[in-house]
Amino acid sequence: MDIKRRFNVPGKKYEKVVRKPPKGFDSANDFFEHVFMDKEMIWMGQNTNHLHDNTIAQAMSDCIMSKEYCKYPAPEGFTELKELILKDLGLKDLNLLLTAGATESLYLSMHGLIEKGDNVILSDPGYLIIGTFADRFADHVTYVPIYNEDCQYKLTPELAKKYIDNNTKMIVLIDPLNPLGSSYTEEEIKEFAEIAIENNLFLLHDVTYCDFAQEHTLAAKYAPRNTLTIYSFSKIFGMAGLRIGAVVADYEVIDVLKNVVVNDLGVNIVAQQCAIAGLKTKDEWMERIRNQTLNNQKLIKECVDEIDGVFLPVYPSSGNMMGIDLSRARIDPKRMAEYLLTKKIFTREGEYTSKNFGQNYLRVSFSIPEEEIKIFCKEFKEAVEVLRK
Ligand SMILES: Cc1ncc(COP(=O)(O)O)c(C=O)c1O
């Protein structure tokens, strides 16, 4: 008898969401562990940032040597860190909850605010786990197709309006968008803010990659009572393995999220100290990392422009990742990712970030040393010639 019937568990809860393991691996976890353990692997598959010097690492090391980690941290986050995050965003009169990565913030937002009868709108392509979380609580999750030039590869205000219905409770804006790097103008953000206020719905503004963008506007500035701003230390701060992030919102909204908290004893204290150091020193390293990342994507653009049948849907990307469209060269992105792995380059096939358009593109991230980008460019060019035959 299956688990649902044995324990009389309600519908959605036990529907399995298991990622298909890549070829040759029993599970997605085995695959990630395999690439992680290979110290020579060029890391372009996770939008992480490999360009930091020791500034942040030193703070972590100091915290470890002080052995402060034997105590529990303040459960909702240290005040200094919370104030630094709000200052970094330039937001006032809002509260925040510190979480184990932006991922936990995304989950708590869905758990706390979405219930049966509610619909949630997000884009396809997009960061699919958000939809998966939404699906656990909502009646319906609408994936708006955006993989086309007409909408500039993003969920526009016009598109959102088209898909809103009486039950829509939340619109998810990933800005810049994982996987393509599309982002919003201030005008568009203002329009989204108006939509949220007029329709009395939440705007979940995931700004995980905002510091890579040349320009960025926070929806919370125009619709502070309707917006949840999802903040991550995994990308520009280069702290993905430390698992720390936050959700910023109206005091009342944060109180609702506190009701569904699991991590009741707080977020890793070493990560919090490291985050404080990262925010305090951001001015010292941010421009260098941003410029290096921008230059790296230029190198990839030059390489792609030289290859027939391959193009970048969005350029420049406002994030530290981009999609490379392979469809006109008739190359399956999965085969491309597998091929590059044999050259010790880890990238992601489009399926990872799209239900309906994943067969078109490969996603690569580029906040890695320039020498590695050059290796990628050389191998990618060869790979296209091998695979299109
Ligand atoms: C749009 C988006 N939001 C959130 C996350 C997860 O961030 P974190 O590592 O802080 O959990 C990612 C990770 O790639 C992402 O792409």
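Residues numbered from 1 in each chain as written. Predicted model: local features only at pLDDT ≥ 70, side-chain atom pairs only at ≥ 80, totals over all residues.

**Comments concerning the sheet that holds strand 12 (residues 361-365)**
Picture the strands of a sheet paired through backbone hydrogen bonds; they go either parallel or antiparallel. Pairing within the open sheet is antiparallel, and its three strands lie in the order 9-12-11. Each edge of the sheet is formed by a strand with only one pairing partner; in this case those strands are strand 9 (321-325) and strand 11 (348-349). Here strand 11 pairs with strand 12 via two bridges, running antiparallel. Each residue of the ladder has a partner; that of glutamate 349, found in strand 12, is leucine 362. (Pairing = 2+ DSSP bridges. Helix = DSSP H or I, 4+ residues; strand = E, 2+ residues; numbered from the N terminus.)

**A closer look at helix 10 (residues 269-280)**
In a regular helix each residue adds 1.5 Å, so twelve residues correspond to 16 Å; helix 10 covers 17 Å between its end C-alpha atoms and thus fits that length. When we look at burial in helix 10, the residues that qualify are Ala271, Gln272, Gln273, Cys274, Ala275 and Gly278. Tucked inside the fold, the buried residues of helix 10 contact helix 3 (55-66), helix 4 (79-89) and helix 11 (282-305). (Expected span 1.5 Å × (residues − 1). Buried ≥ 20, exposed ≤ 12 C-beta atoms within 10 Å, placed from the backbone. Contact = placed C-beta atoms within 7 Å.)

**Topic: the site of the ligand**
Taken together, 13 residues lie near the ligand, and Gly101, Ala102, Thr103, Ser232 and Ser234 sit nearest. Looking at the shell around the ligand, its residues break down into four nonpolar, eight polar and one charged. (Near = placed C-beta within 6 Å. Nonpolar A, V, L, I, M, F, W, Y, C, P; charged D, E, K, R; others polar.)

**Things to note about unusual backbone geometry**
Note that the residue after asparagine 178, namely proline 179, is joined by a cis bond; omega there is 25°. Secondary-structure assignment places proline 179 in the loop between strand 5 (168-174) and helix 8 (186-199). Cis peptide bonds are those with omega within 30 degrees of zero, and the linkage from tyrosine 315 to proline 316 qualifies with -5°. Residue lysine 67 is not a glycine yet carries a positive backbone phi of 60°. The topology assignment puts lysine 67 in the loop between helix 3 and helix 4. Exposure remark for lysine 67: the 8 C-beta atoms within 10 Å place this residue in the exposed category. Here asparagine 200, not a glycine, exhibits a phi torsion of approximately 55°, which is positive. Within the element layout of this structure, asparagine 200 appears in the loop between helix 8 and strand 6 (202-206).

**So, the domain arrangement of the protein chain**
In many reports, interface size means the accessible area that the parts give up when they come together. Partitioning the protein chain into structural domains gives domain 1 (3-52 + 285-387) and domain 2 (55-282). Just the C-alpha atoms count here: the centres of domain 1 and domain 2 sit 22 Å apart. Tallying the contact residues gives 29 residues for domain 1 and 32 residues for domain 2. Every element with two or more residues in the side of domain 1 that touches domain 2 is listed here: helix 11 and strand 9. For the side of domain 1 that touches domain 2, the leading source of residues is helix 11, giving five residues. Each residue belonging to the side of domain 1 that touches domain 2 can be placed in one class, and the counts come to ten nonpolar, 15 polar and four charged. (Domains from an automatic or database assignment.)

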